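# Topology and contacts: notes
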Amino acid sequence: SLPAKLINGGIAGLIGVTCVFPIDLAKTRLQNQQNGQRMYSSLSDCLIKTIRSEGYFGMYRGAAVNLTLVTPEKAIKLAANDFFRHHLSKDGKKLTLLREMLAGCGAGTCQVIVTTPMEMLKIQLQDAGRIAAQKKLMAAQTQISSSPAAAAAEPAVETRPTATQITRELLRSKGIAGLYKGLGATLLRDVPFSIVYFPLFANLNKLGQKDPNVKAPFYVSFLSGCVAGSTAAVAVNPCDVIKTRLQSLQRGVNEDTYSGILDCTKKIWQREGPTAFFKGAYCRALVIAPLFGIAQVVYFIGIAEFLLDKLPKSRA
């Protein structure tokens, strides 16, 4: 049933995000830093510096937004894919690859309703620590060069905005459109991702099915989700870099600003080179692989149905 699918998708999203959020934070910070202003050299370096400067829970800045909105986001994505697959199938026959891709395209298009504002808020919170650390470093260097005595003074406490404050400010200044900044770039990332992910997962999962009418073992669904997720994540990483840059409201010292997708693409290519489009690619693969592996296991096992079936028996 649709409610059970929505519950399963939500539970899957909550579990997955909790497990991989620190890596996602590192991905955002690595993608946003530009040449000449690098604070982090790698995933491990970013996480170590984050823990040192912001504490353990600094790795989970922005997690509340994700945990709040990931349930409807994952639920819409998984349920929409099932909906489109069902309506594109002819008399229950096997879907062609083209129809599987169309179903994935529909799912990716539907999810951006929730994904865009979720990513918009999450990126501001995730990247705030990088910008604060960069400003602190630049200020310290300036003080040392001008006055060693001033450098020894106690630094000012940096106040960081909350998701609620950012939302209110965006709604006040730009209306609902403010929360949907980067919508085009989000579509550019999520639609191709779903076109690659869902057909690849479905076909990999079928390899583990001994009988077409019996579900594949949970480990097959998990591995299929991991492989399909990481493959699709790396394939669309250039679009993810562009989306992250466009949705970042605050910039570090001497960092570029962008007017749109084409302007962003041109500046990244000219000033940072083509390899910049794959910044954070391995982080994104590490995030997406377990996230979708867990999601597909929960979704295909059907925790909602399992609980509904077992709860009366356990009481008896």
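Computed from a prediction, not measured in an experiment: that's the story for all the values here.

## Details of the overall build of the protein chain
- What the protein chain contains, in helices and strands, is 13 helices and zero strands.
- Reading the secondary structure of the protein chain in the N-to-C direction produces α-α-α-α-α-α-α-α-α-α-α-α-α.
- Going through the 316 residues of the protein chain one by one, you find that 48% of them count as buried.
- In the protein chain, once contacts between residues fewer than 6 apart in sequence are set aside, the share between residues at least 24 apart is 81%.
- Counting every atom, the protein chain has about 15700 Å² of accessible surface; 66% of that belongs to carbon and sulfur.

## Things to note about the nonpolar core
- Of all hydrophobic cores here, the largest spans 20 residues; its most connected members are V17, F193, Y197, F198, I288, L291 and F292.
- Breaking this core down by element, the ones donating at least two residues are helix 1 (2–32), helix 3 (63–88), helix 8 (183–207), helix 9 (218–235) and helix 12 (281–301).
- Ignoring sequence-local partners within four residues, the contact set of I288 consists of F193, G229, S230, A233 and G293.

## Regarding the environment of D263
- Turning to its location among the elements, D263 is positioned in helix 11 (residues 261–272).
- D263 sits in the partly exposed class, given a relative accessible area of 21%.
- Along the backbone, D263 and L246 are 17 residues apart, and their C-alpha atoms lie at a distance of 10.0 Å.

## Here's the deal with the pattern of salt bridges
- All chains considered together, the criterion is met by 19 salt bridges.
- Residue K122 pairs with D24 through a salt bridge whose shortest N-O separation is 2.7 Å. Here D24 lies in helix 1 and K122 lies in helix 4 (residues 97–146), a separation of 98 residues in the sequence. The pair K122 / D24 is uniform in exposure class, with both members buried.
- The salt bridge partner of R271 is D256, with a shortest N-O separation of 2.6 Å. Separated by 15 residues along the polypeptide, R271 in helix 11 and D256 in the loop between helix 10 (237–247) and helix 11 bring together distant segments of the chain.
- Accessibility expressed as a relative area gives 48% for R271, which makes it partly exposed.

## What to know about the side chain of D240
- Inspection of the secondary structure puts D240 in helix 10.
- A polar contact is formed between the side chain of D240 and the side chain of K27, at a distance of 2.8 Å.

## Digging into the packing of aromatic side chains
- In this structure the tally under the stated criterion is eight aromatic pairs.
- Arranged with centres 5.7 Å apart and planes meeting at 10 degrees, the rings of F193 and Y197 form a pair that is stacked. Of this pair, F193 and Y197 both sit in helix 8, four residues apart, which is roughly one turn of that helix. For the pair formed by F193 and Y197, the shared burial category is buried.
- Ring geometry for W269 and F277: centres 6.3 Å apart, planes at 40 degrees, overall tilted.
- Put simply, the rings of F21, Y56, F57 and Y60 pair up and form one aromatic cluster.

## Observations regarding the packing of helix 8 against helix 10
- Closest axis-to-axis distance for the helix 8/helix 10 pair is 9 Å, and the angle between their directions is 160 degrees. Taken together, helix 8 and helix 10 sit at an angle that is classed as roughly antiparallel. When the axes of helix 8 and helix 10 are compared, the crossing they make is left-handed. Only C239, D240, K243, L246 and Q247 of helix 10 make contact with helix 8, whose side of the interface consists of A185, T186, L188 and R189.
- Here the contact of helix 8 with helix 10 is composed, by residue class, of four nonpolar, two polar and three charged.

## Focus on the side chain of E54
- Topologically, E54 is positioned in helix 2 (residues 43–54).
- Those residues in contact with E54 that sit more than four places away from it in its chain are R29, R61, G129 and R160.

## Examining helix 9
- In this model, helix 9 (18 residues) spans 26 Å end to end at C-alpha, consistent with the 26 Å of a helix rising 1.5 Å per residue.
- Buried residues of helix 9: V220, S221, S224, G225, C226, A228, G229, S230, A232 and A233, and no others.

## With respect to helix 10
- Extensive coverage of helix 10 is indicated by the burial of 11 of its 11 residues.
- Along helix 10, the residues that are buried comprise N237, P238, C239, D240, V241, I242, K243, T244, R245, L246 and Q247.

## Structural notes on empty space enclosed by the protein
- Counted by the stated rule, this structure contains one cavity of 30 Å³ or more.
- Lining the largest cavity are 23 residues; nearest its centre among them are K74, E119, R284, I288 and L291.
- Contributions of two or more residues to the lining of the largest cavity are made by helix 1, helix 3, helix 4, helix 8 and helix 12.
- Looking at the lining of the largest cavity residue by residue, the class counts come to 10 nonpolar, three polar and 10 charged.

Conventions and cut-offs
Residues numbered from 1 in each chain as written. Predicted model: local features only at pLDDT ≥ 70, side-chain atom pairs only at ≥ 80, totals over all residues. Heavy atoms only, no water. Helix = DSSP H or I, 4+ residues; strand = E, 2+ residues; numbered from the N terminus. Buried < 20%, exposed > 50% of the residue type's maximum accessible area, 1.4 Å probe, protein only. Contact = heavy atoms within 4.5 Å. Areas by Shrake-Rupley, 256 points an atom, 1.4 Å probe, with all protein chains shown as cover. Core = buried A, V, L, I, M, F, W, Y, C linked by side-chain atoms within 4.5 Å. Salt bridge = Lys/Arg side-chain N within 4 Å of Asp/Glu carboxyl O. Polar contact = N/O pair within 3.5 Å; in protein donor to acceptor, adjacent residues only side chain to side chain. Phe/Tyr/Trp six-rings, centres within 6.5 Å; stacked < 30°, edge-to-face > 60°. Axes fitted to C-alpha atoms, helices over the stretch in contact; angles between N-to-C directions. Parallel < 35°, antiparallel > 145°, perpendicular 65-115°, else oblique. Left-handed = near helix turned anticlockwise from the far one by under 90°. Nonpolar A, V, L, I, M, F, W, Y, C, P; charged D, E, K, R; others polar. Expected span 1.5 Å × (residues − 1). 1 Å grid on protein atoms, 1.4 Å probe; cavity = no way out; pocket = protein on both sides within 12 Å on 5 of 7 lines; lining within 4 Å. Points joined across faces, edges and corners; volume = space filled by probe spheres on them.

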